[in-house]
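What follows is each chain in one-letter form.
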Amino acid sequence: MTAAPTAAVDPVALADLAQRLAVEAGDMVAERRRAGPVLAGTKSSPTDVVTELDHLSETMIVNGLGTARPDDTIIGEEGTARPGGTGVEWLVDPV
């Protein structure tokens with residue numbers, strides 16, 4: 001069950017934050033791809049591929065959210081699970 005919001009939330013500000021972090025992570029991924037090969041592995045099955053860029057981009061976005069919205073819940077595809085109490089939940093699957 002999600003906690004009730006403790007203060008008014010500006011959906012435009014949330015969207016702006018999401019867009020800014022997505023662009024920053026996308027830029028980092030593009031730069032790293034141009035630099036050379038990317039390490040890859042699998043998670044739950046041989047077809048469930050995960051790369052170092054999956055982990056790096058999730059970490060980058062989670063850190064940005066943590067700075068801007070430290071009390072929000074964050075759930076990431078690569079394993080992030082941080083509870084919060086604002087009623088705002090971020091689901092992070094950047095790549």
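Just so you know, these numbers come straight off a predicted model, no measurement behind them.

Parameters at a glance
- Residues numbered from 1 in each chain as written.
- Predicted model: local features only at pLDDT ≥ 70, side-chain atom pairs only at ≥ 80, totals over all residues.
- Heavy atoms only, no water.
- Helix = DSSP H or I, 4+ residues; strand = E, 2+ residues; numbered from the N terminus.
- Expected span 1.5 Å × (residues − 1).
- Buried < 20%, exposed > 50% of the residue type's maximum accessible area, 1.4 Å probe, protein only.
- Contact = heavy atoms within 4.5 Å.
- Polar contact = N/O pair within 3.5 Å; in protein donor to acceptor, adjacent residues only side chain to side chain.
- Pairing = 2+ DSSP bridges.
- Core = buried A, V, L, I, M, F, W, Y, C linked by side-chain atoms within 4.5 Å.

1. Considering helix H2 (residues 52–68)
Here comes step 1: In this model H2 runs 24 Å from its N-terminal to its C-terminal C-alpha over 17 residues, within 8% of the 24 Å that 1.5 Å per residue would give.
Here comes step 2: Within the span of H2, buried status applies to Leu53, Asp54, Ser57, Glu58, Ile61, Val62, Gly64, Leu65 and Gly66.
Here comes step 3: Buried residues belonging to H2 abut helix H1 (11–35), strand E2 (49–51), strand E3 (73–76), strand E4 (81–82) and strand E5 (89–92).
Here comes step 4: Two or three places before Leu53, at the start of H2, stands the capping residue Thr51, its side-chain oxygen 3.1 Å from that residue's backbone nitrogen.

2. Quick word on the side chain of Thr80
Here comes step 1: Assignment of secondary structure puts Thr80 in the loop between E3 and E4.
Here comes step 2: A polar contact is formed between the side chain of Thr80 and the side chain of Glu58, at a distance of 2.6 Å.
Here comes step 3: Beyond its immediate chain neighbours, meaning those up to four positions away, Thr80 contacts Glu58, Val62, Ile74 and Ile75.

3. Here we look at the sheet that holds E4
Here comes step 1: Overall, mixed pairing links the three strands, which are arranged E4-E3-E5 in an open sheet. Either end of the sheet is taken by a strand with one partner, and the two such strands are E4 and E5.
Here comes step 2: The pairing of E3 with E4 spans two bridges and is classified as antiparallel. Bridge assignment links Ile74 to a residue of E4, and that residue is Arg82.

4. A few points about the environment of Gly85
Here comes step 1: Topologically, Gly85 is positioned in the loop between E4 and E5.
Here comes step 2: Spatially, the C-alpha atoms of Gly85 and Pro70 are 9.7 Å apart, while their sequence positions differ by 15 residues.

5. Quick word on the environment of Glu58
Here comes step 1: Here Glu58 is to be found in helix H2.
Here comes step 2: Given the relative accessible area of 3%, Glu58 is considered buried.
Here comes step 3: Here the alpha-carbon distance between Glu58 and Pro94, two residues 36 residues apart in the chain, equals 6.3 Å.
Here comes step 4: With sequence-adjacent residues up to four places away left out, Glu58 is seen in contact with Gly76, Glu77, Glu78, Gly79, Thr80, Val92 and Pro94.

6. A word on the nonpolar core
Most often, soluble globular proteins keep nonpolar side chains buried together rather than apart.
Here comes step 1: Residues Leu14, Leu17, Leu21, Ala25, Ile61, Val62, Leu65, Ile74, Val88, Trp90 and Val92 constitute the largest nonpolar core, which totals eleven residues.
Here comes step 2: Every element with two or more residues in this core is listed here: H1, H2 and E5.
Here comes step 3: Looking at this core element by element, the count peaks at four residues for H1.

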